[in-house]
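# Topology and contacts: notes
These are the residues of each chain, in order.
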Amino acid sequence: MSDASPFVSVKLSGALVNQAREAAQVMRRSVASQIEYWATLGQAIEHAGLTTGDSRALIARQERADYAVGRPLA
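Structural notes, computed from the coordinates.

Reading the values: the criteria
Residues numbered from 1 in each chain as written. Predicted model: local features only at pLDDT ≥ 70, side-chain atom pairs only at ≥ 80, totals over all residues. Heavy atoms only, no water. Helix = DSSP H or I, 4+ residues; strand = E, 2+ residues; numbered from the N terminus. Buried < 20%, exposed > 50% of the residue type's maximum accessible area, 1.4 Å probe, protein only. Areas by Shrake-Rupley, 256 points an atom, 1.4 Å probe, with all protein chains shown as cover. Patch = residues over 30% accessible without salt bridge, like charges linked within 9 Å, V, L, I, M, F, W, Y side chains within 5 Å. Salt bridge = Lys/Arg side-chain N within 4 Å of Asp/Glu carboxyl O.

## Regarding the overall build of the protein
- Along its length, the protein carries three helices and zero strands.
- Helices and strands appear in the protein in the N-to-C order α-α-α.
- Here the protein holds 74 residues, and the buried ones make up 5% of them.
- Surface exposure of the protein reaches about 6800 Å², of which carbon and sulfur atoms provide 58%.

In structure tokens, the structure reads:
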């Protein structure tokens with residue numbers, strides 16, 4: 001049996017923690033859970049072989065689609 005704790009402390013920038021705090025409130029997560037969620041997404045993107053540019057393009061495409069769906073009809 002391992003004596004290693006399942007939790008460890010890490011130093012993160014205040015800006016990242018503040019961004020996570022804002023996102024966590026909207027998603028009803030803890031700050032730690034939000035950062036873990038972001039890390040999981042990053043791992044999935046890297047595992048899929050996507051570059052930063054690829055992931056930004058996918059996000060931009062999704063945001064445009066969401067805007068088009070929500071826009072009022074003329």
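From this point, things continue past the structure.
## Brief notes about unusual backbone geometry
- Within the chain, R28 stands out as a residue other than glycine whose phi angle is a positive 60 degrees.
- You can see R28 is positioned in the loop between α1 (14-27) and α2 (31-47).

## Let's talk about a nonpolar patch on the surface
- Together, V8, V10 and L12 line one region of the surface with nonpolar side chains, adding up to about 310 Å² of accessible area.
- Mapped onto the fold, V8 is located in the segment before α1.
- The exposure class assigned to V8 is exposed, which follows from its relative accessible area of 70%.

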